[in-house]
Amino acid sequence: MTKILKINNIEKYYGSKGKSNITKALDNVSLEVNKGEFVGIMGASGSGKTTLLNCISTIDKVSAGNIIINDKDINQINDKDIAKFRRENLGFIFQDFNLLDTLTIEENIALALTINRTDVGDVDDRVKKIAKELGIFEILKKFPYEISGGQKQRCACARALINNPKLILADEPTGALDSKSAKMLLETIRKMNEDLDATILVVTHDPFSASYSKRILFFQDGKIFNELNRGAKTRQQFYHEIIDVLSLVGGDADANEIS
Ligand code: ADP
Ligand code: MG
């Protein structure tokens, strides 16, 4: 099995060592993600989820340990190559979708490829192919203000996919959405994983969102304390299993929410 991501004993401190106000945000974390996996990272607020994602995203640097993406130790990449590495290997689904208002949907999706200087004909072909797969082919010539929220989401997902990234990352992607929109976005992410074989890592404190993934790592105080595999279970069964784990640790799950 191809390992897309290998994290070996990482630690992340905020504040300077030796001072009293030091925070240990990640405490000896190791994990691996194989190609084609859909992994959820759960944990209460402050448990280190965003810190982990920022370190994998090359936005932040670990204090110890290493992170290997696609066989490359990201600590070893120098600052001038880091943006290129990110563009070529990682896809991001942002909470606010980050679409540029002055560009058409087609241009928004193609943006990363344009930066990577892909051949114009190839850009066109890839955008059309992914737009068809995600059901937004008809709206490619429109501007963001002319399309629905659900279409904007799919556009943001198409943009995350366009570079054929090794790994797609999302931090609380449904955090700002109502439950119907959240469900639509999660369905799109599921499709990206199952139909398009994208490897996905999603951070969320929400059990409903987490129930879409196939494996969940639970964080507490910067450490992994539990892991669940969906296996052959339905999403609903998995959801209830997640709720059970969270109730053990007093996570901020709300079992009365949609399931
Ligand atoms: P989560 O995303 O799970 O809510 P975070 O990764 O944001 O958690 O935070 C983990 C811990 O690190 C928290 O105690 C938080 O206060 C601390 N922390 C996060 N970012 C910073 C920062 N830039 N400076 C100082 N402390 C931080
Ligand atoms: Mg966070």
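Only a predicted model underlies this, so the values are computations on that prediction, with no experimental measurement involved. (Residues numbered from 1 in each chain as written. Chains lettered and ligands numbered in written order. Predicted model: local features only at pLDDT ≥ 70, side-chain atom pairs only at ≥ 80, totals over all residues. Heavy atoms only, no water.)

Draft legend 1. Layout of the sheet that holds strand E7 (residues 167-171). Pairing in this open sheet of six strands is mixed, and the strands run E6-E7-E8-E3-E9-E10 from one edge to the other. In this open sheet, the two strands that pair with only one neighbour each are strand E6 (90-93) and strand E10 (223-229). Adjacent strand axes in the sheet meet at a mean angle of 20°, parallel and antiparallel pairs treated alike. Two elements, strand E3 (residues 38-43) and strand E9 (residues 215-220), share five bridges in a ladder whose sense is parallel. Of the residues in E9, the one forming a bridge with Val 39 is Arg 215. (Pairing = 2+ DSSP bridges. Helix = DSSP H or I, 4+ residues; strand = E, 2+ residues; numbered from the N terminus. Axes fitted to C-alpha atoms, helices over the stretch in contact; angles between N-to-C directions.)

Draft legend 2. Quick peek at the packing of aromatic side chains. The tally for this structure, following the rule as stated, stands at four aromatic pairs. Taking the centre distance of 6.2 Å and the plane angle of 15° together, the rings of Phe 143 and Tyr 145 count as stacked. For Tyr 145, a relative accessible area of 66% corresponds to the exposed category. Geometrically, the ring pair formed by Phe 208 and Tyr 212 is edge-to-face, given 5.6 Å between the ring centres and 80° between the ring planes. Tyr 212 sits in the buried class, given a relative accessible area of 2%. (Phe/Tyr/Trp six-rings, centres within 6.5 Å; stacked < 30°, edge-to-face > 60°. Buried < 20%, exposed > 50% of the residue type's maximum accessible area, 1.4 Å probe, protein only.)

Draft legend 3. Looking closely at the confidence of the model for the protein chain. Across the protein chain, the average pLDDT comes to 91, with 94% of residues at or above 70. Per-element averaging of pLDDT across the protein chain places helix H3 (residues 105-115) at the bottom with 86 and strand E4 (residues 64-69) at the top with 98. Low pLDDT, under 50, characterises residues 253-257; the predicted model gives this stretch eight contacts beyond four residues in sequence or across chains. (pLDDT = per-residue confidence, 0-100. Contact = heavy atoms within 4.5 Å.)

Draft legend 4. How the structure looks around the state of the cysteines. Inspection of the entire model under this criterion finds zero disulfides. The closest cysteine sulfur to the non-disulfide-bonded Cys 155 is located on Cys 157, 9.2 Å from its own sulfur. You can call Cys 157 buried: its relative accessible area is 0%. (Disulfide = S-S within 2.5 Å.)

Draft legend 5. View of the site of ligand 1. Around ligand 1 sit Tyr 14, Thr 23, Ala 25, Ala 44, Ser 45, Gly 46, Ser 47, Gly 48, Lys 49, Thr 50 and Thr 51, and that is every residue in its neighbourhood. Between Ser 47 and ligand 1, the recorded distance is 3.2 Å, taken from a backbone N or O atom to an oxygen atom. Look at ligand 1: alone it shows 560 Å² of surface, and the protein chains cover 57% of it. For the shell around ligand 1, the secondary-structure elements that each account for two or more residues are strand E2 (23-34) and helix H1 (49-56). Counting residues per element, the shell around ligand 1 draws most heavily on H1, at three residues. Class assignment for the residues of the shell around ligand 1 results in three nonpolar, seven polar and one charged. (Near = heavy atom within 4 Å. Polar contact = N/O pair within 3.5 Å; in protein donor to acceptor, adjacent residues only side chain to side chain. Areas by Shrake-Rupley, 256 points an atom, 1.4 Å probe, with all protein chains shown as cover. Nonpolar A, V, L, I, M, F, W, Y, C, P; charged D, E, K, R; others polar.)

Draft legend 6. Molecular detail of the sheet that holds E4. Strands sit in the order E2-E1-E4-E5 across an open sheet of four strands; the sheet is antiparallel. A single partner strand is all that each edge strand has here, and the edge strands are E2 and strand E5 (72-73). Sheet analysis places strand E1 (residues 3-14) next to E2, joined by eight bridges and oriented antiparallel. By the bridge assignment, Ile 7 is partnered in E2 with Leu 31.

Draft legend 7. Layout of the environment of Glu 172. Within the secondary structure layout, Glu 172 lies in the loop between E7 and helix H6 (179-194). Spatially, the C-alpha atom of Glu 172 lies 8.9 Å from that of Thr 50, the residues being 122 residues apart in sequence. Setting aside chain neighbours within four positions, we find Glu 172 in contact with Lys 49, Gln 95, Val 203, Thr 204 and His 205.

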